Amino acid sequence: MIGADEAGKGPVLGPMVAAAVRAPDAALPDGVDDSKRLSATRRRELADRLRGDDAVDVGVAVVTPARIDDPETDMNGLTVAAQAEAITAVAADGESVVVDAGDVDAERFGRRVREAVGAAVEMRAEHRADENHAHVAAASVVAKVERDTRIAALTEAYGDVGSGYPSDGTTREFLREYVREHGILPDCARKSWSTCADLMAAHEQSSLGDF
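Conventions adopted
- Residues numbered from 1 in each chain as written.
- Predicted model: local features only at pLDDT ≥ 70, side-chain atom pairs only at ≥ 80, totals over all residues.
- Heavy atoms only, no water.
- Helix = DSSP H or I, 4+ residues; strand = E, 2+ residues; numbered from the N terminus.
- Rg over C-alpha atoms; globule rule 2.2 N^0.38 Å.
- Contact = heavy atoms within 4.5 Å.
- Areas by Shrake-Rupley, 256 points an atom, 1.4 Å probe, with all protein chains shown as cover.
- Buried < 20%, exposed > 50% of the residue type's maximum accessible area, 1.4 Å probe, protein only.
- Salt bridge = Lys/Arg side-chain N within 4 Å of Asp/Glu carboxyl O.
- Phe/Tyr/Trp six-rings, centres within 6.5 Å; stacked < 30°, edge-to-face > 60°.
- Core = buried A, V, L, I, M, F, W, Y, C linked by side-chain atoms within 4.5 Å.
- Axes fitted to C-alpha atoms, helices over the stretch in contact; angles between N-to-C directions.
- Parallel < 35°, antiparallel > 145°, perpendicular 65-115°, else oblique.
- Left-handed = near helix turned anticlockwise from the far one by under 90°.
- Pairing = 2+ DSSP bridges.

Draft legend 1. The arrangement of the overall build of the protein in detail. Along the backbone of the protein there are eight helices and five strands. Put simply, the protein runs from its N terminus to its C terminus through helices and strands in the order β-β-α-β-α-α-β-α-β-α-α-α-α. The C-alpha radius of gyration of the protein comes to 19 Å, within 12% of the 17 Å expected for a compact globule of 211 residues. Overall, the C-alpha framework of the protein stretches about 65 × 35 × 25 Å when taken along its three principal axes. If you take every contact in the protein between residues at least 6 apart in sequence, the share linking residues at least 24 apart comes to 69%. Total accessible area on the protein stands at roughly 10200 Å², and carbon and sulfur atoms take up 46% of it.

Draft legend 2. Expanded view of unusual backbone geometry. Residue Arg 128 is not a glycine yet carries a positive backbone phi of 60 degrees. Residue position: Arg 128 is located in the loop between strand 5 (122-126) and helix 5 (129-132). For Arg 128, a relative accessible area of 55% puts it in the exposed group.

Draft legend 3. Quick look at the pattern of salt bridges. Applying the stated criterion across every chain, the model contains 15 salt bridges. With its nearest N and O atoms 2.7 Å apart, the salt bridge here joins Arg 22 to Glu 95. Of this pair, Arg 22 sits in strand 2 (residues 16-22) while Glu 95 sits in the loop between helix 3 (75-88) and strand 4 (96-100), and the two are 73 residues apart along the sequence. With its nearest N and O atoms 3.2 Å apart, the salt bridge here joins Arg 128 to Glu 131. Judged by its relative accessible area of 25%, Glu 131 is partly exposed. By sharing partners, the salt bridges in this structure join Asp 33, Arg 37, Arg 128 and Glu 131 into a single network.

Draft legend 4. Structural context of the packing of aromatic side chains. Applying the stated rule across the entire model yields three aromatic pairs. When the ring of Tyr 158 is compared with that of Phe 174, the centres are 5.5 Å apart and the planes differ by 65 degrees; the resulting orientation is edge-to-face. Residue Tyr 158 is found in helix 6 (residues 134-158), and its partner Phe 174 is found in helix 7 (residues 169-182); the two are separated by 16 residues along the sequence. Residue Tyr 158 is classed as partly exposed on the basis of its relative accessible area, which comes to 32%. The exposure class assigned to Phe 174 is buried, which follows from its relative accessible area of 9%. A centroid spacing of 5.9 Å and a plane angle of 75 degrees characterise the contact between Tyr 158 and Tyr 178, whose relative ring orientation is edge-to-face.

Draft legend 5. Summary view of the nonpolar core. Formed by 44 residues in total, the largest nonpolar core has its most connected members in Leu 13, Ile 87, Val 99, Val 113, Val 117, Met 123 and Leu 175. Among the elements that line this core, the one with the most residues is helix 3, at seven residues. Beyond its immediate sequence surroundings of up to four residues, Ile 87 is in contact with Ala 4, Ala 20, Val 97, Val 99, Val 113, Val 117 and Met 123. Membership of the second largest hydrophobic core comes to 15 residues, among which are Ala 19, Leu 28, Ala 137 and Ala 143.

Draft legend 6. How the structure looks around the packing of helix 3 against helix 4 (residues 106-116). Two numbers describe how helix 3 lies on helix 4: the axes approach to 8 Å, and their chain directions differ by 50 degrees. What the angle tells us is that helix 3 and helix 4 run oblique. Note on packing geometry: the crossing formed by helix 3 with helix 4 is right-handed. Contact with helix 3, carried on its side by Asn 76, Gly 77, Thr 79, Val 80, Gln 83, Ala 84, Ile 87 and Thr 88, involves Phe 109, Arg 112, Val 113 and Ala 116 of helix 4 and no other residues of that element.

Draft legend 7. Focus on the environment of Ala 125. Along the chain, the position of Ala 125 falls in strand 5. For the pair Ala 125 and Arg 190, spaced 65 residues apart in sequence, the C-alpha to C-alpha distance is 27 Å. Sequence-distant contacts of Ala 125, defined by excluding residues within four places in its chain, comprise Val 99, Ala 101, Ala 106, Phe 109 and Gly 110.

Draft legend 8. Representation of the sheet that holds strand 3 (residues 57-63) within the structure. Strand order in the open sheet made by the five strands is 3-2-1-4-5, with mixed pairing throughout. Across the chains shown, the open sheet's two edge strands, defined by having one partner strand only, are strand 3 and strand 5. Along the sheet, successive strands turn relative to each other by an average axial angle of 20 degrees, direction set aside. Note: strand 2 against strand 3, seven bridges, orientation antiparallel. Across the sheet, residue Val 17 finds its bridge partner in strand 3, namely Val 62. Contacts between helix 6 and the sheet are confined to strand 1 (2-7), strand 2, strand 3 and strand 4, with strand 1 contributing the most and set at about 35 degrees to the helix.

Draft legend 9. Structural view of the side chain of Asp 5. Within the secondary structure, Asp 5 sits in strand 1. Dropping the residues within four chain positions of it, Asp 5 is found in contact with Val 17, Ala 18, Ala 19, Gln 83, Asp 100, Asp 130, Val 136, Ala 139, Ser 140 and Ala 143.

Here it is, written out as structure tokens:
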């Protein structure tokens, strides 16, 4: 059985990460659950166990901010592509896959992922699959830990950037200060997000006023 999920569709900073976990049921750690229900420490422990188990195969796909900002793409399509890439890294013909649906139409999402996977797999897509299927929960944990690791690297590079979500005051303040100091957005930002567009518009208006 293979489960797939993604983390980081909504943030204004950093990548979206998709993961796929292929494993026999007995190899999944006790207590694996939807990553949102677990502490950061527990997620890390579970991810390390999954990656360290020879009976478990893990595939990861990373979608960069630059790719997200490409006007020829959209988040639904990128979610399909990322999950398919992660699944392709671990899947073989004839295997069963359950994915967390990243579209309001779960059947359509599953069909698109199946068509994009480089193997002939049996595909099922469900909303909230990470709450109901252990393999999808395991994938959600791996994806979340990978994204958190990348956000931690941004903090090392830039200072505290917060969680990367637009609702996070630390993230908004980081972006405001960066734009104020440099006049541009950092490479780690999703420049097409409204949060970034609004900041740049305000900065440009302020510059005109100064002029």
